[in-house]
Amino acid sequence: MARIVRVARSSSSLFGFGNRFYSTSAGVSHASSPSPFLHGGGARRDVATDRNVQWVFLGCPGVGKGTYASRLSSLLGVPHIATGDLVREELASSGPLSQKLSEIVNQGKLVSDEIIVDLLSKRLEAGEAKGESGFILDGFPRTMRQAEILGDVTDIDLVVNLKLPEEVLVDKCLGRRTCNQCGKGFNIAHINLKGENGRPDISMDPLLPPPHCMSKLVTRADDTEEVVKARLRIYNETSQPLEDYYRSKGKLMEFDLPGGIPESWPRLLEALRLDDYEEKQSAVA
Ligand SMILES: Nc1ncnc2c1ncn2[C@@H]1O[C@H](COP(=O)(O)OP(=O)(O)O)[C@@H](O)[C@H]1O
């Protein structure tokens, strides 16, 4: 525990999470900038120390956190940092941790808070050295301890909680594929879920790779049905307190995905009040 606290303390200086950023909350009710979620809250944007967004994406395995976090990070010019990717990089490096990590990950269990905070600290430190600022975190925090550590070292502006019915999540995880050359993610699942109890139908077309990636597709070792179900169970057990924590701080934005990317992306931008922002960015480009 002492080590986690030490990592958290040192990370505050590593990431520039100290006084140079003013402390604020996005507060879903701020409305004086185009998006109240940008730069730590519209009402205080004129403060000299403006900064990039610091957002968190929550959601079950398979919900699409990576897809939407990555699109938003390109739009807003901040890094998309997925702790699952950091874990997989560590696994692939065959460093001292990799054997231990592979046993944990292949059972669908969570890596210890200490290890994950350590990996994240190193990633943020390397980013800061390259001049990065702001972030969209995907897959962190996963436990209350991680949320507390994050809260100790920085201000999170907004937490987006992506949601899909449970039936869809397993199919989406089993359909995930990554091109082992370009690193892009795809999904071969066709989702067609009939609506019930007031919920509309949900259909998602597969996100197929271009022909040159087709023969290089790989499946994650932890995307087997048994491991996916274990990950979903663990996620459901740990997510409630996190959601309550961020809801009580007025930072949680719940978002029910209406379908695949073509339907969901514009609606998400609208919910974040970034629809204008995307148009302006493409006009400038
Ligand atoms: N914040 C975290 N805390 C603990 N373990 C994590 C965390 N992020 C990722 N992991 C580990 O990495 C694995 C893969 O993570 P991720 O790619 O986010 O998968 P998922 O599809 O389950 O959201 C997890 O099952 C877990 O073992």
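Please read all numbers here as calculations on a predicted model, not as lab measurements. Residue numbers here run from 1 along each chain, matching the order of that chain's written sequence. Where local features are concerned, this predicted model is filtered to residues with pLDDT of at least 70; where side-chain atom pairs are given and counted, the filter is 80 or more; whole-chain, interface and lining totals use all residues. Computation of side-chain values covers all heavy atoms of the structure but excludes hydrogens and water.

A. Expanded view of the packing of helix α7 (residues 166–175) against helix α9 (residues 225–248). Packing of α7 against α9 leaves a shortest axis separation of 10 Å and a crossing angle of 135°. Considered as vectors, α7 and α9 are oriented oblique to each other. Note that α7 runs across α9; the crossing there is right-handed. Taken together, the residues of α9 that come into contact with α7 (itself represented by E166, L169, V170, C173 and L174) are E225, V228, K229, R231, L232 and N236. Broken down by class, the residue content of the contact of α7 with α9 amounts to six nonpolar, one polar and four charged. Fitted lines through C-alpha atoms serve as axes, helices being fitted only where they are in contact, and the angles separating the N-to-C directions of these axes extend from 0 to 180 degrees. Helix numbers and strand numbers start at the N terminus; a helix is a DSSP run of H or I with at least 4 residues, a strand a run of E with at least 2. Reported orientations rely on four angle classes, namely roughly parallel under 35 degrees, roughly antiparallel over 145, roughly perpendicular from 65 to 115, and oblique for the rest. Whether a crossing is left-handed or right-handed is set by the direction in which the near helix is turned from the far one by less than a right angle, anticlockwise for left-handed and clockwise for right-handed. In what follows, a contact means two residues having at least one pair of non-hydrogen atoms within 4.5 Å. Any residue outside Ala, Val, Leu, Ile, Met, Phe, Trp, Tyr, Cys, Pro, Asp, Glu, Lys and Arg is labelled polar, Gly included; the first ten of those are nonpolar and the last four are charged.

B. Examining helix α5 (residues 113–129) more closely. Helix span is expected to be 1.5 Å times the residue number reduced by one. Its 17 residues give α5 an end-to-end C-alpha distance of 24 Å, which sits within 8% of 24 Å, the value for a rise of 1.5 Å per residue. Exposure categories follow from relative accessible area, calculated using a 1.4 Å probe and restricted to protein chains: below 20% of the type maximum is buried, above 50% is exposed, and the middle band is partly exposed. All buried positions along α5 are accounted for by D113, I115, I116, V117, D118, L119, L120, S121, L124 and G127. Of the residues one or two after α5, G131 is the one with positive phi, at around 90°.

C. Representation of the layout of surface pockets within the structure. Put simply, the second largest pocket is a space of about 230 Å³. When residues of the lining of the second largest pocket are traced back to their parent elements, those giving at least two are α3 (83–92) and α4 (98–105). In terms of residues, the lining of the second largest pocket owes the most to one element, α3, which gives four residues. For the lining of the second largest pocket, a count of residues per class yields four nonpolar, two polar and four charged. Every definition here rests on a 1 Å grid over the protein atoms only: cavities are sets of points where a 1.4 Å probe fits but cannot get out, pockets are open sets enclosed by protein on both sides within 12 Å along at least five of seven lines, and lining residues have some atom within 4 Å of a point. Grid points are joined across faces, edges and corners, and a volume is the space filled by probe spheres set on the points.

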